[in-house]
Protein chains: 2
Amino acid sequence: MATSTVENYIKRIFMDQPTGTGLMPLGRLAKIMNVVPGTATTMVKTLSESGLARYRPREGVRLTPAGEKLALHVLRRHRLIELFLVRVLGVDWSEVHPEAEELEHAISDKLLARIDELLGKPAFDPHGDPIPSAAGKLSRSRVQPLIACNAGARMRIARITDQDSRFLRYANSHGLVPGAKLHLKDRDAQGDSILVQVNGRKPLNLGSSAGAKIMVEPHAKARTKRAT
Amino acid sequence: MATSTVENYIKRIFMDQPTGTGLMPLGRLAKIMNVVPGTATTMVKTLSESGLARYRPREGVRLTPAGEKLALHVLRRHRLIELFLVRVLGVDWSEVHPEAEELEHAISDKLLARIDELLGKPAFDPHGDPIPSAAGKLSRSRVQPLIACNAGARMRIARITDQDSRFLRYANSHGLVPGAKLHLKDRDAQGDSILVQVNGRKPLNLGSSAGAKIMVEPHAKARTKRAT
DNA sequence: GTTTGTATTTTGAATACTCAAAATGAAAAT
DNA sequence: ATTTTCATTTTGAGTATTCAAAATACAAAC
Ligand SMILES: [Mn+2]
Ligand SMILES: [Mn+2]
Ligand SMILES: [Mn+2]
Ligand SMILES: [Mn+2]
């Protein structure tokens with residue numbers, strides 16, 4: 001059985017995996033995991049020995065199929081738990097992440113299946129992140145960050161890629177939630193800001209770092225089983 | 001912060017504490033925790049150093065007030081989670097114990113408070129075990145084992161003191177659940193068995209080991225906030 | 001009072017995870 | 001080609017938890 005530490009490493013390697021065949025450098029992994037570089041090296045060797053990752057010294061890590069399978073399993077638990085906490089227990093979406101970070105290692109498959117059923121086998125978590133299926137399939141929709149859109153674009157928010165509690169509260173208070181319709185009214189390249197209008201609300205200025213955290217998709221495309 | 005291992009030790013020391021001022025011998029603790037005796041010794045020294053227990057070598061352990069407080073906290077989490085799983089997720093009472101054994105270490109106080117509210121601040125878990133209050137008070141009702149009752153007694157089942165899945169399924173299938181009214185029709189000292197009638201059901205024979213696991217209380221005495 | 005038997009403790013070692021700091025590798029700058 | 005710089009790895013050590021097996025203490029039996 002994988003310890004919760006191993007599960008956390010595997011999950012983060014999977015999530016921050018550069019698309020394609022790229023290896024993740026261990027320095028990056030160390031930063032992500034909040035450990036010193038030497039710790040990451042040691043851990044990655046362990047993962048490698050247990051067949052969850054492949055490790056090229058001085059180059060980086062990549063998950064094996066077994067590692068990806070585990071990562072998807074943990075991710076599924078994390079996201080289903082988040083949605084459960086929001087829907088059933090009424091926890092605010094800005095607070096579910098740290099809870100799920102712990103519970104994802106403690107919940108049994110049996111219980112997870114019950115939660116999945118209770119929620120109607122949802123496809124997205126409260127932040128718009130896709131929930132891997134029980135079989136381990138992850139829907140990879142081609143969404144783009146809000147800052148990458150042209151002025152005048154009319155989009156729909158697909159997901160918020162930041163688990164920080166303050167940012168999530170801010171986003172929510174301005175209607176910036178998955179599913180919301182959004183009009184990019186203007187962009188100011190020099191001022192590093194964009195002007196958006198969410199649903200019928202007051203126009204809102206966002207800096208590029210905020211705009212980068214909001215992933216949007218074409219307006220028309222309706223997503224099934226939208227969450228939150 | 002106490003590790004989940006420490007929480008488990010403390011909880012079990014509390015639960016199997018001989019009433020009064022008795023110390024728990026470390027051999028007993030080792031058996032309860034499924035570790036070799038030497039491990040129990042080591043662990044108890046650690047608990048002692050962190051102020052959670054007092055340890056008399058060769059005699060045994062006793063929790064300090066700090067240890068009791070922690071034990072009650074863990075017990076509260078465990079029992080509230082069990083009831084939550086039964087009531088909200090529809091998990092069978094015979095399966096909640098192992099789940100709660102893990103989740104009790106992963107849930108936050110905030111989440112626990114939400115669950116407590118959602119359940120209406122219940123006083124008993126699915127097995128009839130009292131749930132310590134948030135302040136750490138544990139209602140100690142004077143219940144007695146079914147085998148200790150006289151023939152002819154009419155009682156009410158207060159709790160089932162066995163978390164074994166098979167026994168719980170058996171008990172449930174015969175109506176032996178907390179709150180059920182029960183008539184001890186006959187006892188056979190030599191045959192080591194008792195004859196009981198639960199509610200209006202067919203009389204049922206129980207051996208003494210089964211009868212010892214069923215705690216009963218006077219029929220009249222209604223318990224508030226009965227669970228399951 | 002000595003022997004025997006059992007409970008408990010000690011010792012030595014293992015696994016899992018982590019850090020500090022020294023050593024090393026390799027790319028970048030000169 | 002050498003030096004500088006920075007990322008990565010290695011080494012040594014510490015905490016937490018556990019076991020196997022030897023040592024010890026104590027009570028029970030003789
Ligand atoms: Mn986690
Ligand atoms: Mn999420
Ligand atoms: Mn536990
Ligand atoms: Mn219980």
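Every chain is numbered on its own, with residues counted from 1 as its sequence reads. Whichever chain is written first becomes A and whichever ligand is written first becomes 1, with later ones labelled in order. Given that the model is predicted, a residue must reach a pLDDT of at least 70 before its local features are reported, and side-chain atom pairs must reach 80 or more before they are shown or counted; all residues, however, enter totals for whole chains, interfaces and linings. Neither water nor hydrogens contribute to the side-chain values; these are computed over all heavy atoms in the structure.

### Some words on the protein's contact with DNA strand C
Right, on to step 1. Proximity criterion: a residue is near a molecule or strand once any of its heavy atoms comes within 4 Å of it. DNA strand C sits among 20 residues. The nearest are Thr3 and Thr39 of chain A together with Lys45, Tyr55 and Arg58 of chain B.
Right, on to step 2. Sugar and phosphate atoms constitute 76% of the interface atoms of DNA strand C, taking the interface as everything within 4 Å of the protein.
Right, on to step 3. Within the contact set of DNA strand C, a phosphate oxygen lies 2.9 Å away from a side-chain nitrogen or oxygen of Thr41 of chain B.
Right, on to step 4. Pairing of N or O atoms within 3.5 Å defines a polar contact, subject to two protein rules: one partner must be a possible hydrogen donor and the other a possible acceptor, and residues neighboring in sequence count only if both atoms are side-chain atoms. Lys45 of chain B places a polar side-chain atom, nitrogen or oxygen, 2.3 Å from a phosphate oxygen of DNA strand C.
Right, on to step 5. Contributing elements (two or more residues each) for the surface near DNA strand C: helix H1 (4–15) and helix H3 (37–49) of chain A together with helix H2 (26–33) and helix H3 (37–49) of chain B.
Right, on to step 6. Looking at the surface near DNA strand C element by element, the count peaks at four residues for H3 of chain B.
Right, on to step 7. Considering only residue class, the surface near DNA strand C consists of nine nonpolar, eight polar and three charged. Numbered from the N terminus, helices here are DSSP runs of H or I no shorter than four residues, and strands are runs of E no shorter than two. Each residue is assigned to one of three groups, with Ala, Val, Leu, Ile, Met, Phe, Trp, Tyr, Cys and Pro labelled nonpolar, Asp, Glu, Lys and Arg labelled charged, and all others, Gly among them, labelled polar.

### Comments concerning the layout of surface pockets
Where empty space is left in the structure can be found by rolling a water-sized probe over the atoms.
Residue and element names in this part refer to chain B.
Right, on to step 1. Of the grid points, spaced at 1 Å and generated over the protein atoms alone, those admitting a 1.4 Å probe that cannot get out make up cavities, while open sets with protein on both sides within 12 Å along at least five of seven lines make up pockets; any residue with an atom within 4 Å of a point is treated as lining. Grid points are joined across faces, edges and corners, and a volume is the space filled by probe spheres set on the points. The calculated volume of the largest pocket comes to roughly 790 Å³.
Right, on to step 2. In terms of lining, the largest pocket is formed by 31 residues, of which the most central are Phe14, Met15, Asp16, Arg79 and Arg140.
Right, on to step 3. Broken down by secondary-structure element, the contributors of at least two residues to the lining of the largest pocket are helix H1 (4–15), H2, strand S2 (60–63), helix H4 (65–87) and helix H5 (96–103).
Right, on to step 4. When residues of the lining of the largest pocket are assigned to their parent elements, the largest contribution, six residues, is made by H4.
Right, on to step 5. Its residues placed into classes, the lining of the largest pocket shows nine nonpolar, eight polar and 14 charged.

### Regarding the relation of the copies chain A and chain B
Right, on to step 1. When chain A is fitted to chain B, the best match, at an RMSD of 0.0 Å, comes from turning it 180° and sliding it 0.0 Å along the axis. This pairing of chains is accounted for by a two-fold axis.
Right, on to step 2. Contacts are residue-level and defined by heavy atoms, with any inter-residue pair within 4.5 Å sufficient. Taken as a fraction of all interface residues of chain A, those also at the interface in chain B reach 100%, which identifies the copy contact as same-surface. To line up the copies, we fit them by least squares on C-alpha atoms, keeping just the residues with pLDDT of at least 70 in both.

### Description of the interface of chain A and chain B
Right, on to step 1. Across the contact, 18 residues belong to chain A and 18 residues belong to chain B.
Right, on to step 2. On the chain A side of the interface with chain B, the three residues burying the most area are Leu89, Glu99 and Leu111 of chain A, jointly 35% of the side's total.
Right, on to step 3. Salt bridge, as used here, is a side-chain nitrogen of Lys or Arg placed within 4 Å of a carboxyl oxygen of Asp or Glu. The interface formed by chain A and chain B holds two salt bridges in total.
Right, on to step 4. Close ionic contact of Lys110 of chain A with Glu95 of chain B constitutes a salt bridge, the shortest N to O distance being 3.3 Å.
Right, on to step 5. Taken together, the connections running from chain A to chain B amount to six residue pairs in polar contact (both at pLDDT 80 or more).
Right, on to step 6. Within the residue set of the side of chain A that touches chain B, elements represented by two or more residues are helix H4 (65–87), helix H5 (96–103) and helix H6 (109–118) of chain A.
Right, on to step 7. In terms of residue count, H6 of chain A provides more of the side of chain A that touches chain B than any other element does, five residues in total. Buried area counts how much accessible surface, traced with a 1.4 Å probe, disappears from two parts once they are put together, with both parts' losses summed.

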